[in-house]
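# Summary of structural features
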Amino acid sequence: DPFNYQTHYPLLTSNETAYLKLLRAGQRCKYVVGLLYNPILRQLRFDEIVETTYAEFYDEQKMGYPLTTIFQALFYMLFFHFPSIESFKKANRIDYGILINQQLLPLPKVIHRALNQLNKFNRSSKLMKEFACQFVNNNLIEVGLLYFDEHFLPYYGIEHIAAGFFSQRRLAIGGNHQFWAHDKNGHPFFVITSS
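Residues numbered from 1 in each chain as written. Predicted model: local features only at pLDDT ≥ 70, side-chain atom pairs only at ≥ 80, totals over all residues. Heavy atoms only, no water.

## Considering the overall build of the protein
Condition: The helix and strand labels rest on DSSP assignments: H or I over at least four residues marks a helix, E over at least two residues marks a strand, and numbering proceeds from the N terminus. Exposure categories follow from relative accessible area, calculated using a 1.4 Å probe and restricted to protein chains: below 20% of the type maximum is buried, above 50% is exposed, and the middle band is partly exposed. Contacts were defined at the residue level, with two residues in contact if any of their heavy atoms lie within 4.5 Å. The accessible surface values rely on the Shrake-Rupley method and a 1.4 Å probe; as for residues, cover is taken only from the protein chains in view.
Secondary structure assignment for the protein yields nine helices and four strands. Viewed in the frame of its principal axes, the protein has a C-alpha envelope of about 60 × 40 × 35 Å. When each of the 195 residues of the protein is scored for burial, the buried share is 36%. The contacts of the protein with a sequence gap of at least 6 include a subset with a gap of at least 24, amounting to 53%. With the model as given, the accessible surface of the protein reaches about 12,300 Å², and the carbon-plus-sulfur share is 55%.

## Thoughts on the environment of R169
Among the structural elements, R169 can be located in the loop between β2 (163–166) and β3 (171–183). Spatially, the C-alpha atom of R169 lies 40 Å from that of D47, the residues being 122 residues apart in sequence.

## Quick notes on helix α6 (residues 67–79)
Cut-off, in case you're wondering: Expected helix span is taken as 1.5 Å per residue step, with the number of steps being one fewer than the number of residues.
Over its 13 residues, α6 runs 19 Å from end to end, which matches the ideal 18 Å to within 8%, given 1.5 Å per residue. For α6, the tally of buried residues reaches ten of 13 residues, placing the bulk of the element in the interior. Residues of α6 that are buried: L67, T68, T69, I70, F71, Q72, A73, L74, Y76 and M77. On the buried face of α6, the contacting elements are α3 (38–43), α4 (46–54), α7 (93–99), α8 (108–119) and α9 (124–137). Positive phi shows up at H81, right after α6, with a value of about 60 degrees.

## Structural notes on the environment of T13
As for its placement among the helices and strands, T13 is situated in the loop between α1 (5–8) and α2 (14–24). Contact partners of T13, with chain neighbours within four places excluded, come to R42 and N101.

## A short note on the packing of α4 against α6
For clarity, the threshold we go by: Angular values range over 0 to 180 degrees, each being the angle between N-to-C directions of two axes fitted as lines to C-alpha atoms, with helices fitted over their stretch in contact. Throughout this description, any angle smaller than 35 degrees is read as roughly parallel, any larger than 145 degrees as roughly antiparallel, any in the 65 to 115 degree range as roughly perpendicular, and the remainder as oblique. Two helices cross in a left-handed way if the nearer one is turned anticlockwise from the farther one by less than a right angle. They cross in a right-handed way if the turn is clockwise. Residue classes follow a fixed rule: Ala, Val, Leu, Ile, Met, Phe, Trp, Tyr, Cys and Pro count as nonpolar, while Asp, Glu, Lys and Arg count as charged, and any other residue, Gly among them, counts as polar.
Axis separation between α4 and α6 bottoms out at 9 Å; the angle between their running directions is 125 degrees. Classified by the angle between their axes, α4 and α6 sit oblique to one another. When the axes of α4 and α6 are compared, the crossing they make is right-handed. Contact residues: α4 offers F46, D47, V50, E51 and Y54, while α6 offers L67, T68, F71, Q72 and F75. Here the residues of the contact of α4 with α6 sort into six nonpolar, two polar and two charged.

Quick look at the structure:
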């Protein structure tokens, strides 16, 4: 029985176990598969790493949501292939809220405001380093041999940033270079973004 949460999923929170009871009774949810990732995120210390990296810069009272909720929403955004934060407007906010241990998914403007606040402190490299250490500690990445791949990421926003050569359009436009590191099996390890 996959919904026998007491034996199969001992690390679930009380909200998650209550939701599994509802699913067992026949309630439908299109995001329920995401619950399988919550124990993995706990094993990788996802919430703890986010808290230690950004907690001193984040005002939870002002935002209305805990810091970890914002990052969990972004994690599941990638998992469920939402193309942007704006596309969260199409998500079922109640069903999605269960994944992040909240009643509702935060509105896109709240997520944007939180990310703009955190972006000022330039701690993304520290966050990435902490997660990379967790990947190594949990044997998710083989560190013996790394492959690096560079991509130019064009920027179409209103800020003025340095230009780089964009090979697809064969011209110099504003943007950043991303250098991805992968292990020999193709699993991404970390990324460095530079102008």
